[in-house]
Amino acid sequence: MAVAARVLFVASEAVPFVKTGGLADVVGALPEALRALGVDVRIVLPWYRSIRGRGFPVRRHEVSLEAWLGDRWQAAGLLEGMTPGGVPVYFLERDDLYDRPGLYDDGRWEYGDNLERFSFLCHGALRICEVLGFSPHVVHAHDWQAGLALALLDGPYRDSGVFQGTRRVFTIHNMGYQGLFDPGRLGATGLGSEVFHYGGVEHGGAISLLKAGIVYADAITTVSPTYAREIQGSEYGMGLDGALHYRRERLHGILNGIDASAWDPARDPHLPARFHADDLGGKRACKEALLGELGLDAAHLLDRPLVGMITRLVDQKGLDILVPVLDALVELGMGLVVLGQGDERHQRALGEAAARHPGRIGLRFGFDEGLAHRIVAGSDLFLVPSRYEPCGLTQMYALRYGTVPVVRATGGLEDSVRSYDPLGRGGTGFKFRAYHPDALLSVLREAAMLWWNRTRWQDLQRRGMAEDNSWSRSARAYLGLYASVQ
Ligand code: ADP
């Protein structure tokens, strides 16, 4: 078997059904790209409250399905839908687990039964294969919520008829979320105490479901080559660097792609005007409309560089180095637009800066897909100052929209942005290395200066717009990986 013809994705999010971050983009788009390469790929997701009631066409399978919950097998429902590109999606239904306002937390605290909720997902995914007679060549699990599935394949499901020869692939989208639980609750995973040791699911005395994925995978991937290197060291490995270094021969970095049809400035329905590399006129109209939408001072900012940012408002994303430079950014004549949701602390710090600079800093707290597109299109510069960034998608959207990325040189930001080179006039954006406000400010200053040189700036924009960050490139890399573990 040279090619993995049947692949099961297990994950906690996928666009267009449910999304809190980049994981959902990957789990929505990669299967479609694999399908285009001839793979029979299917996805298992929880049937969350936020999916039901949104009108996705689904049909119910009248099957008898049970999965491990707490200390025994309990009933689950099974619904089937489809991604827009035709990939079947199995929704695991269990209202006491998934019919809640949030995916992982109630807005403040993580749900106390996340171990049970996601153990149920992993068992459910494998039980769905058994019930439907789907025999995958590869089970591809994503992040800690799905990591247990790979340990289960090595344990209780090892002799199952549908998993003979099944290989296990685990993708880490973010080392910062490790699925850590009290060891006294191991029974909720359906695994026995024999797996609770350093070479199994134990991490620092706790159960780690991220580690389960790392340990029991035939191949581990993460979402950029640089992040694959970084997480083998203590600064980025977050305590799991030893386990990853130990398994380094099985660890691969594959850069994510972007959904090139949803993120296309020539066809984007969210924009007031469209544009492409040969005619950037529409981009100015997008900027003007964006300034208006956020109540910013268009008379001042239309002819000055506007910086955009779309982010979860969490420590990872570099807000602690951004906030100290906001006054200086405005003094440089620049404007800033931030769309984000997350920690109140970060909202407050941004809000205070915006209050000091009315008309120059525009903020929107919440999740808004349309505004995200308008910010990417209407900004001149796009800022991603992350402390760490496994891949990052927004800088790749920005490149496609002629919005020049300013990024910290880490993870996928390092891999997807090439530094502007004033001599050779190459590169696609600006990078800084030290995680420090001064380093960020100095590169913002450099970018702001170049912005006034229209010819050079447009060359820079066009080089970015010509980059190929499509999913088909990444999907071919995953297919090669699947073949290598057969
Ligand atoms: P992460 O997965 O760490 O959040 P990524 O850059 O990989 O970071 O992916 C974030 C995705 O979520 C992008 O598609 C981005 O456009 C989107 N996003 C993040 N915050 C918002 C928001 N507040 N409104 C709309 N889209 C958002």
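Note that the coordinates shown come from a computational prediction; the quantities given were computed from them, not determined experimentally.

## Digging into helix α5 (residues 209-216)
Here is step 1 of the chain: The element α5 is extensively covered by neighbouring structure, given that 8 of its 8 residues are classed as buried.
Here is step 2 of the chain: When we look at burial in α5, the residues that qualify are Leu-209, Leu-210, Lys-211, Ala-212, Gly-213, Ile-214, Val-215 and Tyr-216.
Here is step 3 of the chain: The N-cap residue of α5 is Ser-208: its side-chain oxygen and the backbone nitrogen of Leu-210 are 3.4 Å apart.

## Focus: the packing of aromatic side chains
Here is step 1 of the chain: Enumeration over the complete set of coordinates arrives at 16 aromatic pairs.
Here is step 2 of the chain: Note on Phe-118 and Trp-144: the rings are 5.3 Å apart at their centroids and 75° apart in plane angle, and the pair reads as edge-to-face. A residue pair is termed long-range when its members are at least 10 positions apart, and Phe-118 in helix α3 (residues 114-132) and Trp-144 in helix α4 (residues 143-154) qualify at 26 residues. An identical accessibility class is assigned to Phe-118 and Trp-144; each is buried.
Here is step 3 of the chain: For the pair Tyr-157 and Phe-163, a centre-to-centre distance of 6.4 Å together with 75° between the ring planes defines the contact as edge-to-face.
Here is step 4 of the chain: The structure contains a cluster of three or more aromatic residues connected by ring pairs, namely Phe-17, Trp-47, Phe-56 and Phe-91.
Here is step 5 of the chain: Across the ring face of Trp-451, the terminal group of Arg-454 is positioned such that the distance to the ring centre comes to 4.6 Å.

## Regarding the side chain of Asp-218
Here is step 1 of the chain: Structurally, Asp-218 can be placed in the loop between α5 and β12 (219-222).
Here is step 2 of the chain: Looking at Asp-218, the relative accessible area reads 14%, which means it is buried.
Here is step 3 of the chain: Setting aside anything within four residues of it in sequence, one finds Asp-218 in contact with Arg-167, Arg-168, Arg-250 and Val-485.

## Some remarks on helix α19 (residues 471-485)
Here is step 1 of the chain: Under the 1.5 Å per step criterion, the end-to-end length of α19 is 21 Å for 15 residues, consistent within 8% with the ideal 21 Å.
Here is step 2 of the chain: For α19, every residue scored as buried is listed here: Trp-471, Ser-474, Ala-475, Tyr-478, Leu-479, Leu-481, Tyr-482 and Val-485. Down the axis of α19, the smallest arc covering the buried residues is 160°, so these residues share one side.
Here is step 3 of the chain: In this structure, the buried side of α19 is in contact with β1 (6-10), α1 (22-36), β7 (138-142), β8 (167-172), β12 and β13 (251-253).

## Describing the sheet that holds strand β11 (residues 206-208)
Here is step 1 of the chain: The 3 strands are arranged β9-β11-β10 in an open sheet whose pairing can be described as antiparallel. Where the open sheet ends on each side, the last strands, each with one partner, are β9 (180-181) and β10 (202-203).
Here is step 2 of the chain: Judged from the 2 bridges that link them, β9 and β11 form a sheet pairing that is antiparallel. By the bridge assignment for β11, Phe-181 is matched with Ile-207.

Thresholds applied
- Residues numbered from 1 in each chain as written.
- Predicted model: local features only at pLDDT ≥ 70, side-chain atom pairs only at ≥ 80, totals over all residues.
- Heavy atoms only, no water.
- Buried < 20%, exposed > 50% of the residue type's maximum accessible area, 1.4 Å probe, protein only.
- Helix = DSSP H or I, 4+ residues; strand = E, 2+ residues; numbered from the N terminus.
- Polar contact = N/O pair within 3.5 Å; in protein donor to acceptor, adjacent residues only side chain to side chain.
- Phe/Tyr/Trp six-rings, centres within 6.5 Å; stacked < 30°, edge-to-face > 60°.
- Lys NZ or Arg CZ within 6 Å of the ring centre and 35° of its normal.
- Contact = heavy atoms within 4.5 Å.
- Expected span 1.5 Å × (residues − 1).
- Arc of directions from axis to C-beta.
- Pairing = 2+ DSSP bridges.

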